[in-house]
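# Breakdown of the fold
What follows is each chain in one-letter form.
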Protein chains: 4
Amino acid sequence: MTRSTLRTKFRIAVIGGSVADEQSLQAAFRIGELIAEKGGILICGGLGGVMEAASRGAKHKGGLTVGILPGSSYKEANPYIDLALATGLGHTRNSLVALNADVIIAIDGRYGTLSEIALGKIYGKPVIGLNTWKITGIEIARTPEEAVELAWSKLK
Amino acid sequence: MTRSTLRTKFRIAVIGGSVADEQSLQAAFRIGELIAEKGGILICGGLGGVMEAASRGAKHKGGLTVGILPGSSYKEANPYIDLALATGLGHTRNSLVALNADVIIAIDGRYGTLSEIALGKIYGKPVIGLNTWKITGIEIARTPEEAVELAWSKLK
Amino acid sequence: MTRSTLRTKFRIAVIGGSVADEQSLQAAFRIGELIAEKGGILICGGLGGVMEAASRGAKHKGGLTVGILPGSSYKEANPYIDLALATGLGHTRNSLVALNADVIIAIDGRYGTLSEIALGKIYGKPVIGLNTWKITGIEIARTPEEAVELAWSKLK
Amino acid sequence: MTRSTLRTKFRIAVIGGSVADEQSLQAAFRIGELIAEKGGILICGGLGGVMEAASRGAKHKGGLTVGILPGSSYKEANPYIDLALATGLGHTRNSLVALNADVIIAIDGRYGTLSEIALGKIYGKPVIGLNTWKITGIEIARTPEEAVELAWSKLK
């Protein structure tokens, strides 16, 4: 009986708006691909926009995707989520997204994303930003590749 | 790009005390094995006792195990949890265990288990009981095999 | 500058169904009155049925009432709640009702009430039952007067 | 039997760090005083620093103070809190502070404050900032008096 191989994988949260422009969606998709290629688990809020694009990217490369949902039905996740967790907590679930990552990549986004950035910093998680809020304590990346590289540099 | 095969799997929560007698632990282990053999995902609270025994059983048969933890570090899960979700909600997380199952099997247990049974019923989840609280609305099983059979009979 | 006089008051949660029969509503009203007469703060789930009847009773005698709501608007409280707290947590808020009482009185009720009884016991709160679930660890009262008397006997 | 007079009062959340410099503490104290003088209810996180200074100011003028605590004991509130609500949710409780205000005044603060600002905006609450995060959507005040005046201008 061996321990789970999933346990040793890094967890990268990709956060961003449920509505986003084409550039952000493409960046999210590419970041999802790169996370999967590097063997990471993608954590996200499980809904549309940046969350769905990143999940789709990760699944495109055979990765594992986890969605932490605001609603009370785990069936509300986007179709690229492998394991959806319903919370029934509404926006309060943002805290759980931040809590379950080793590192967070923020793409674009509005106040929901800002709350997850702030909660991530409260929990001591490194936060990488790509075209998102300019907040002290976020490290800025200019490309999806740089974002994922920076993210991995934080993992140990 | 195909959708996740995990999405079509049934989810069975096994709930019970973090401390339990040998008979309950053996039942939990056997139930974990049976859930894995039938292709279900085991959902539990991620800690010791009945939760760990069921997880160990599921991993023994190559199943997938999810632990929804009270604490704020996902590393606190028992070693047989594939995917641990930290909540930082304390006992309030019991609600999320109930919410994320298609059906619940309760083994032994004290007030934590009782709260999960009650929350499961609030959420309309079928609850199967094995040597646990006698509560109206729980269906009683006498063996691990019968518990899993009853659980599957509720799934559609 | 003196400290708040509210801080020294006992807090009694009255829990029970949002739909209840006339006898339970009358008992809840009377218990609310007695809590107010004894100078306690009434804690409840803030909605209808037993919660509203108890709040109405407490206000009838000039007491202070607190409602801990499942929804995200504090304006959803019944009209007899002085201070409504919105949680946006759905049924998960039951945990917060139990957490904020020094002692709990359960009247009638279904699974929501059962979850609050169980959570109360997890948190080490004394639970008094009036025509409610028969659960080990609940002390049974036969009348509103006896329920409140028993509740006060637990406070120190 | 009259309805509660508390129900018609405005609720102003004062958010800010549990550690703060003297200038921020004095501003928080003054804001607390002004909220009480205007008949508002002060909502805060119930702990030290800005939260305690604002509560102390409000009590100095005979106001009502509510503290929504991260821990699971309502006795952990600062001594100027009239009504403390324990949540046991840790930092996740920040969401409930934002949810329970009609308007939010942010003073100084770090990531906890930033998360409450963001959650406040998610919930559509006006946010007034005094020497705090520069975030789009916050209205800036230069003095405690201006902050409270701006806050009241948002209430209807």
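Up top you'll find the structure we're talking about.
Residues numbered from 1 in each chain as written. Chains lettered and ligands numbered in written order. Predicted model: local features only at pLDDT ≥ 70, side-chain atom pairs only at ≥ 80, totals over all residues. Heavy atoms only, no water.

## Side note on the overall build of chain A
Threshold: Here a strand is any run of E in DSSP of at least two residues, a helix any run of H or I of at least four, and the numbering for each starts at the N terminus. The globule rule used for comparison is 2.2 Å times the number of residues to the exponent 0.38, while the radius of gyration itself is calculated over C-alpha atoms. For every residue, the accessible area obtained with a 1.4 Å probe (protein chains only) is divided by the maximum for its type, and the residue is called buried under 20%, exposed over 50%, and partly exposed between those limits. Throughout, a residue-residue contact means that at least one pair of heavy atoms, one from each residue, lies within 4.5 Å. Here the open area of atoms and residues is found with the Shrake-Rupley method and a 1.4 Å probe, where only the protein chains shown may cover a residue. His is not counted, nor are the chain ends; Lys and Arg add positive charge and Asp and Glu add negative charge. For this purpose, a charge sits on NZ of Lys, CZ of Arg, CG of Asp or CD of Glu.
Within chain A, the regular secondary structure consists of five helices and seven strands. Along its sequence from the N terminus, chain A presents helices and strands in the succession β-α-β-α-β-β-α-β-α-β-β-α. Over its C-alpha atoms chain A spans a radius of gyration of 14 Å, differing by no more than 12% from the 15 Å that the globule rule assigns to 156 residues. In terms of principal-axis extent, the alpha carbons of chain A reach across some 45 × 30 × 30 Å. Each of the 156 residues in chain A was classed as buried or not, and the buried ones make up 65%. If you take every contact in chain A between residues at least 6 apart in sequence, the share linking residues at least 24 apart comes to 56%. Carbon and sulfur atoms form 49% of the exposed surface of chain A, whose accessible area is close to 5,700 Å². Once the 18 positive and 14 negative side-chain charges of chain A are each reduced to a mean point, those two points are 8 Å apart.

## Observations concerning the sheet that holds strand β5 (residues 103-107) of chain D
Residues and elements named next belong to chain D. Our working definition: Strands pair, by our definition, only if DSSP identifies at least two bridges between them. For helices, the fitted axis covers only the stretch in contact; all axes are lines through C-alpha atoms, and the angles between them, taken along N-to-C directions, range from 0 to 180 degrees.
Taken in spatial order, the seven strands of this open sheet run β4-β3-β2-β1-β5-β6-β7, and their pairing is parallel. Each edge of the sheet is formed by a strand with only one pairing partner; in this case those strands are β4 (83-86) and β7 (138-140). Mean inter-strand twist for the sheet, computed between neighbouring axes without regard to direction, equals 25°. Note that β5 and strand β6 (residues 127-130) share four bridges and pair parallel. Counterpart to I107 in the pairing with β6 is L130.

## Description of the packing of helix α1 (residues 22-37) of chain B against helix α5 (residues 144-154) of chain B
Each packed pair of helices is defined by two parameters, the angle between the axes and the distance between the axes. Residue and element names in this part refer to chain B. Note the threshold: By definition in this entry, angles of less than 35 degrees are roughly parallel, angles greater than 145 are roughly antiparallel, angles of 65 to 115 are roughly perpendicular, and the rest are oblique. Rotating anticlockwise by less than a right angle from the far helix to the near helix defines a left-handed crossing, while the corresponding clockwise rotation defines a right-handed one. For this classification, Asp, Glu, Lys and Arg are treated as charged, while Ala, Val, Leu, Ile, Met, Phe, Trp, Tyr, Cys and Pro are nonpolar and the rest, including Gly, are polar.
Relative to each other, α1 and α5 sit at 40°, their axes nearing to 9 Å. For the element pair α1 / α5, the angle class is oblique. Between α1 and α5 lies a crossing of right-handed hand. Two secondary-structure elements touch here, α1 through A27, R30, I31, L34 and I35 and α5 through P144, E145, A147, V148 and W152. Among the residues forming the contact of α1 with α5, the class breakdown is eight nonpolar, no polar and two charged.

## Topic: the nonpolar core
Condition: The term nonpolar core refers to a set of buried residues drawn from Ala, Val, Leu, Ile, Met, Phe, Trp, Tyr and Cys, joined through side-chain atoms within 4.5 Å.
Residues I135(A), I135(B), I135(C) and I135(D) are the most contacted members of the largest nonpolar core, which totals 123 residues. In contact with I135(A), other than residues within four places in its own chain, are L114(A), Y111(D), L114(D), W133(D) and I135(D). With 26 residues, the next largest nonpolar core counts V14(C), I35(C), V103(C) and I105(C) among its residues.

## Some words on helix α1 (residues 22-37) of chain A
Residue and element names in this part refer to chain A. Threshold: Multiplying one less than the number of residues by 1.5 Å gives the expected span of a helix.
Look at α1: 23 Å from first C-alpha to last across 16 residues, which is about the 22 Å you get at 1.5 Å a residue. Of all the positions in α1, only S24, A27, A28, F29, I31, G32, E33, L34, I35 and A36 are classed as buried. Looking at the buried residues of α1, the elements they touch are β1 (11-16), β2 (41-44), α2 (50-60), β5 (103-107), β6 (127-130) and α5 (144-154). G39 occupies a position one or two residues after α1 and carries a positive phi of about 85°.

## Some thoughts on the interface of chain B and chain A
Selection rule: By convention, the term buried area covers the 1.4 Å-probe accessible surface removed from two parts as they join, with the contributions of both added. The salt bridge definition used is simple: a Lys or Arg side-chain nitrogen within 4 Å of an Asp or Glu carboxyl oxygen. A 3.5 Å cut-off defines polar contacts: any pair of N or O atoms within that distance qualifies, except that in protein one atom must be a possible hydrogen donor and the other a possible acceptor, and neighbouring residues in sequence count only when both atoms are side-chain atoms.
Facing 32 residues of chain B, the contacting portion of chain A comprises 32 residues. Summing the contributions of chain B and of chain A, the shared interface buries around 2,900 Å²; its carbon and sulfur component is 61%. Here chain B and chain A share zero salt bridges between them. The tally of links from chain B across to chain A stands at 12 residue pairs in polar contact (both at pLDDT 80 or more). Taken together, the elements giving at least two residues each to the side of chain B that touches chain A come down to α2 (50-60), β3 (64-69), β4 (83-86) and α3 (94-99) of chain B. It is β4(B) that provides the largest number of residues to the side of chain B that touches chain A, a total of four residues. Split into classes, the residues belonging to the side of chain B that touches chain A amount to 18 nonpolar, seven polar and seven charged.

## What to know about the sheet that holds strand β4 (residues 83-86) of chain A
Residues and elements named next belong to chain A. Read across the sheet, seven strands follow the order β4-β3-β2-β1-β5-β6-β7 without closing on themselves; strand pairing throughout is parallel. The open sheet has two edge strands, β4 and β7 (138-140), and neither has a second partner. For this sheet, the mean angle separating the axes of adjacent strands, direction not counted, is 25°. Packing of α1 onto the sheet brings it into contact with β1, β2, β5 and β6, and relative to β5 it is tilted by some 155°.

## Some remarks on the interface of chain D and chain A
Taken together, the contacts link 18 residues of chain D with 18 residues of chain A. Of the roughly 1,500 Å² buried at the junction of chain D and chain A (both faces included), carbon and sulfur atoms supply 79%. On the chain D side of the interface with chain A, the three residues burying the most area are T92(D), Y111(D) and I122(D), jointly 36% of the side's total. Put simply, chain D and chain A have zero salt bridges between them. Seen at the junction of chain D and chain A, the total is four residue pairs in polar contact (both at pLDDT 80 or more). Among the secondary structure elements, those contributing two or more residues to the side of chain D that touches chain A are α3 (94-99) and α4 (111-122) of chain D. Of the residues forming the side of chain D that touches chain A, the biggest block, eight residues, is contributed by α4(D). When grouped by side-chain class, the residues that make up the side of chain D that touches chain A number nine nonpolar, eight polar and one charged.

## As for the relation of the copies chain D and chain A
Quick reminder of the rule: When the copies are superposed, the least-squares fit takes in the C-alpha atoms of residues with a pLDDT of at least 70 in both.
Rotating chain D by 180° and moving it 0.0 Å along the rotation axis overlays it on chain A with an RMSD of 0.0 Å. Those values place the two copies in the arrangement expected of a two-fold rotation axis. Among all residues of chain D, the one whose C-alpha sits closest to the rotation axis is S115(D), at a distance of 2.3 Å. Of the interface residues in chain D, 100% have counterparts in chain A that sit at the interface too, so the contact is made through matching surfaces.

## A closer look at the side chain of S95(A)
Mapped onto the elements of the fold, S95(A) is located in helix α3 (residues 94-99). A relative accessible area of 1% means that S95(A) is categorised as buried. A distance of 2.6 Å separates a polar atom in the side chain of S95(A) from a polar atom in the side chain of Y123(A). Those residues in contact with S95(A) that lie beyond four places of it in its chain are L119(A), Y123(A) and T92(D).

## Some words on the environment of R30(C)
Residue and element names in this part refer to chain C. Relative to the helices and strands, R30 resides in helix α1 (residues 22-37). The exposure class of R30 is partly exposed, given its relative accessible area of 27%. Expressed as a C-alpha distance, the spacing of R30 and K75, which sit 45 residues apart in the sequence, is 25 Å. In this view, R30 contacts P144 and E145; residues no more than four positions away in its chain are not counted.

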